[in-house]
Each structure stands twice: as structure tokens, then as C-alpha cells.
Amino acid sequence: MTDAPVIGVLALQGDVREHLIALAAADAVARPVRRPDELAEVHGLVIPGGESTTISKLAHLFGLMEPLRARVRDGLPVYGTCAGMIMLADKILDPRSGQETVGGIDMIVRRNAFGRQNESFESAVQVEGIPGDPVEGVFIRAPWVESVGAGAEVLAEHDGHIVAVRQGNALATSFHPELTGDHRVHGLFVDMVRAWRTARSL
């Protein structure tokens, strides 16, 4: 088993390239994932920002939704940013018609909660598990978490709203760390993937 984990980025829509670069900088082997056979080969998966309704529809179109749900249920480490956070929520407060999620985190998420595209902003965010200075959070039509269940851990808040959550092997942020030069959040996720691989090899 090589030391570098293979981590996929769901490449249906959104800022795929930026995540591939950030994962490589965090010492992972990064690959785009568009098909079930590609999903089967990775040790972890990032669901990028984009448009959550579109990602949901394309996941069905490409035959990925059920394999995604199965692998997440099986414990595959998964990290969602912005729209990816919505995809990992067990419940959306205001879903569009026909919108579905992968699930995996016991949380209720509100879409576009921080406003429209022209209300995007950046702000320093202190994230539990990330040592040192706060992370620079890039919020673009970002969701926030209305509430979490007992199994979910709140890692960060901004302006009184939950913006980072972890539950087991699932991690989600409202903001886009892949758009900064700071790869510490991706490093945290790579460490989660390494730990999962080690536990499975015992």
C-alpha cells in the first residue's frame, strides 16, 4: 500500500480543478471521478462547490448517486465544500423540486443562506482541528447549517452560523478553501483518509 491516498473529486460540475490542485499539494494522488468504476477505486472523495441541484441531477444521470450513497454509508471519507456541503446533508431546509442529497451528516442545511453571487465575501474562520492562524473562508452563494444532530461535531461558525461540520469520516464546509493558497483543510481531510485506510488494513 503506497503512502499517498488516492482521493477523487466528483467531476460533474463545479470547481474541480482547484480541488485537484489542493489535494495534490496536501500529498494525495488526486483524480477526477465521473463514473461508478472510478468511484470504486478511490480512498476518499471531495464533492466540490457548484450548483447543488445540478450536481444532484448529473449524479443520477451518470449512475453515481446510489454508488455514492453506498460508499458513504460504508464509511468512505468524503469532504463537501459549499454545494458539496448541501449534498452531504441529511436534510435541506429549502430544496428545489426533485433535489436529492447523498447524505452522511446529520444536519439541516439552508441553501444560499449567505446571499446571492454579488454578496460573496471572504472572512477569517477559526476551524477546530486546524492549528495556527484562522483559515481564510471564501463564501460564494454559500449555505449555512441550521442545526446538527447528536452525531455531528461543529468545527466552525461565522457570524453565529455553523459553517464547518464533521461526522465520522464526513467533513463539510460552507466556504471554499480550495480557492485560497492555504491547503490545511485539505490536509485535514487527507489525514482522515489516511486514518481510514490504516484502520481498514488492520
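Preceding this section is the structure that the text describes.
What this report covers is the structure whose coordinates are included nearby.

1. Side note on the layout of surface pockets
What the largest pocket holds in volume is close to 220 Å³. Of the residues belonging to the lining of the largest pocket, the class tally is five nonpolar, six polar and three charged.

2. Things to note about helix 3 (residues 52-61)
Counting along an α-helix, one turn takes 3.6 residues, and residues three or four places apart therefore face a common direction. Those residues of helix 3 that sit buried are S52, T53, I55, S56, L58 and A59. In this structure, the buried residues of helix 3 make contact with strand 1 (6-10), helix 4 (65-73) and helix 5 (83-88). The N-terminus of helix 3 is capped by E51, whose side-chain oxygen sits 2.9 Å from the backbone nitrogen of T53. G63 lies just past helix 3 and shows a positive phi near 70 degrees.

3. Focus: the packing of helix 1 (residues 16-25) against helix 6 (residues 184-201)
Where helix 1 meets helix 6, the closest approach of the two axes is 9 Å, and the angle between their N-to-C directions is 70 degrees. In terms of orientation, helix 1 and helix 6 fall into the roughly perpendicular class. At the point where helix 1 passes helix 6, the crossing takes the right-handed sense. Across the interface between the two elements, H19, A22 and L23 of helix 1 pack against H186, F189 and V190 of helix 6. Residue composition of the contact of helix 1 with helix 6, grouped by class: four nonpolar, two polar and no charged.

4. Quick notes on the pairing of strand 2 (residues 29-33)
Two strands pair when backbone bridges link them, and strand 1 and strand 2 are joined in this way by five bridges, in the parallel orientation. When the bridges of strand 2 are listed, L10 appears paired with V33. For the handedness criterion, the β-α-β arrangement of strand 1, helix 1 and strand 2 is classed as right-handed.

5. What about the packing of aromatic side chains?
Per the counting criterion, the structure on display carries six aromatic pairs. Seen from their ring centres, F114 and F121 are 5.6 Å apart, and the 70 degrees between their planes marks the pair as edge-to-face. Here F121 and F139 contribute two aromatic rings whose centre-to-centre distance is 4.7 Å and whose plane-to-plane angle is 10 degrees, an arrangement assigned as stacked. Pair noted here: F121 is in strand 7 (residues 121-125) and F139 is in strand 8 (residues 135-139), with a separation of 18 residues, a long-range link. Classification of F121 as partly exposed rests on a relative accessible area of 24%. Taking the relative accessible area as the measure of exposure, F139 reaches 1% and is therefore buried. Taken together, F114, F121, F139, W144 and F175 form an aromatic cluster joined through their ring pairs.

6. Here we look at the nonpolar core
Of all hydrophobic cores here, the largest spans 35 residues; its most connected members are L39, L45, I105 and M107. Ignoring sequence-local partners within four residues, the contact set of I105 consists of L88, A89, D90, A152, V165, Q167, A170, L171 and A172. Counting residues in hydrophobic clusters, the runner-up holds 30 residues, among them F114, F139, V185 and V193.

7. Re the side chain of T53
Mapped onto the elements, T53 comes out in helix 3. Overall, the relative accessible area of 5% leaves T53 in the buried class. Among the polar contacts listed, one links the side chain of T53 to the side chain of Q99, at a separation of 3.5 Å. Residues contacting T53, with those up to four places away along its chain left out, are R96, Q99 and R111.

Conventions used here
- Residues numbered from 1 in each chain as written.
- Predicted model: local features only at pLDDT ≥ 70, side-chain atom pairs only at ≥ 80, totals over all residues.
- Heavy atoms only, no water.
- 1 Å grid on protein atoms, 1.4 Å probe; cavity = no way out; pocket = protein on both sides within 12 Å on 5 of 7 lines; lining within 4 Å.
- Points joined across faces, edges and corners; volume = space filled by probe spheres on them.
- Nonpolar A, V, L, I, M, F, W, Y, C, P; charged D, E, K, R; others polar.
- Buried < 20%, exposed > 50% of the residue type's maximum accessible area, 1.4 Å probe, protein only.
- Helix = DSSP H or I, 4+ residues; strand = E, 2+ residues; numbered from the N terminus.
- Contact = heavy atoms within 4.5 Å.
- Polar contact = N/O pair within 3.5 Å; in protein donor to acceptor, adjacent residues only side chain to side chain.
- Axes fitted to C-alpha atoms, helices over the stretch in contact; angles between N-to-C directions.
- Parallel < 35°, antiparallel > 145°, perpendicular 65-115°, else oblique.
- Left-handed = near helix turned anticlockwise from the far one by under 90°.
- Pairing = 2+ DSSP bridges.
- Right-handed = clockwise from strand over helix to strand, strands pointing away.
- Phe/Tyr/Trp six-rings, centres within 6.5 Å; stacked < 30°, edge-to-face > 60°.
- Core = buried A, V, L, I, M, F, W, Y, C linked by side-chain atoms within 4.5 Å.

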